[in-house]
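# An overview of the molecular structure
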Amino acid sequence: MKSFKMISVGIVKDDLVQDFHLIDGIIINQENSHHMWILEMFIDKQYKETFEQWKADEVLLDAKVVISYPENEPAAFRVAVDSLRQIGDNISVLLKGRLKRARSQYAEQLLEELIGEGLAGDKLLERFESDMRSRPRLKKDHK
């Protein structure tokens, strides 16, 4: 098994990404024959009902997870809510699922958006370099 720090997580529902502010998070590659991953999120309890409903409905969720470093491209997972546990004013949410192999090609999509905004030359390069470091949400993720 290998574990990694979870930096951020967004759940894709109806073509929109809902971000969940992490207090803490870890992701574990079980390195088993089923290629399963465990994602544990420690978040505010305000999201408890949302995750309880997804668990009750046995919904498969698409998650975009930034692992280890904020500048890393989000990894795409297909997960289900396995369990929830309230701890004080927060909840621990355990998600289990598989890594989706198709990468989102963030750089290419960012470049397409910036060109679409009319940026060119030095301004395009400067903004591209800045956004590659800060990793803002792409417009296509905000539909």
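Notes on the structure in this doc start here.

The rules we used
- Residues numbered from 1 in each chain as written.
- Predicted model: local features only at pLDDT ≥ 70, side-chain atom pairs only at ≥ 80, totals over all residues.
- Heavy atoms only, no water.
- Helix = DSSP H or I, 4+ residues; strand = E, 2+ residues; numbered from the N terminus.
- Buried < 20%, exposed > 50% of the residue type's maximum accessible area, 1.4 Å probe, protein only.
- Salt bridge = Lys/Arg side-chain N within 4 Å of Asp/Glu carboxyl O.
- Pairing = 2+ DSSP bridges.
- Core = buried A, V, L, I, M, F, W, Y, C linked by side-chain atoms within 4.5 Å.
- Phe/Tyr/Trp six-rings, centres within 6.5 Å; stacked < 30°, edge-to-face > 60°.

### Some remarks on the overall build of the protein chain
Counting its secondary structure elements, the protein chain contains three helices and seven strands. When the helices and strands of the protein chain are listed from N to C terminus, the series reads β-β-β-β-α-β-β-β-α-α. By its C-alpha atoms, the protein chain is 50 × 35 × 25 Å across when sized along the principal axes. Out of the 143 residues in the protein chain, the part that is buried amounts to 32%.

### A look at the pattern of salt bridges
By the definition in use, this model includes eight salt bridges. Glu 31 is the salt-bridge partner of Lys 2, the closest N and O atoms lying 3.7 Å from each other. Within this pair, whereas Lys 2 is found in strand E1 (residues 2–13), its partner Glu 31 is found in the loop between strand E3 (24–29) and strand E4 (36–44), the two being separated by 29 residues in sequence. According to the relative accessible area criterion, Lys 2 is partly exposed, its value standing at 45%. When the shortest N-O distance is used, the salt bridge between Asp 62 and Arg 78 registers 3.3 Å. In this pair, Asp 62 is assigned in strand E5 (residues 61–67) and Arg 78 in strand E6 (residues 75–87), connecting sequence segments 16 residues apart. Using a relative accessible area of 21% as the deciding quantity, one classes Asp 62 as partly exposed. Put simply, Asp 62, Arg 78 and Lys 100 are held in one network by salt bridges that share partners.

### What to know about the pairing of strand E2 (residues 16–20)
Taken together, the five bridges between E1 and E2 define a ladder with antiparallel strand orientation. Within E2, the residue paired with Gly 10 across the bridge is Asp 19. The antiparallel pairing of E1 with E2 creates a hairpin that spans two residues between the two strands, and Asp 14 there sits at a positive phi of about 55 degrees.

### Considering the nonpolar core
Nonpolar side chains in soluble globular proteins tend to be buried together. Ranked by internal contacts, the top residues of the largest apolar core, which has 25 residues, are Phe 20, Leu 39, Met 41, Ile 43, Phe 51, Val 65 and Phe 77. Listing elements by their share of this core, those giving two or more residues are E1, E4, helix H1 (48–56), E5, E6 and strand E7 (90–99). Tyr 106, Leu 110, Leu 124 and Leu 138 belong to the second-largest nonpolar core, a separate cluster that totals five residues.

### Points about the packing of aromatic side chains
According to the stated counting rule, one finds six aromatic pairs in the structure shown. Consider the rings of Phe 20 and Trp 54, whose centres lie 6.4 Å apart with planes at 85 degrees: the pair is edge-to-face. Here Phe 20, found in strand E2, pairs with Trp 54, found in helix H1; they are 34 residues apart in sequence, far enough to count as distant. Measuring from centroid to centroid gives 5.1 Å for Phe 51 and Trp 54, while their planes differ by 85 degrees, and the two rings are edge-to-face. Linking Phe 51 with Trp 54, this pair stays in helix H1, spanning three residues, or about one helical turn. Trp 54 carries the same exposure label as Phe 51, and that label is buried. Among the aromatic residues, ring-to-ring pairing joins Phe 20, Tyr 47, Phe 51 and Trp 54 into one connected group.

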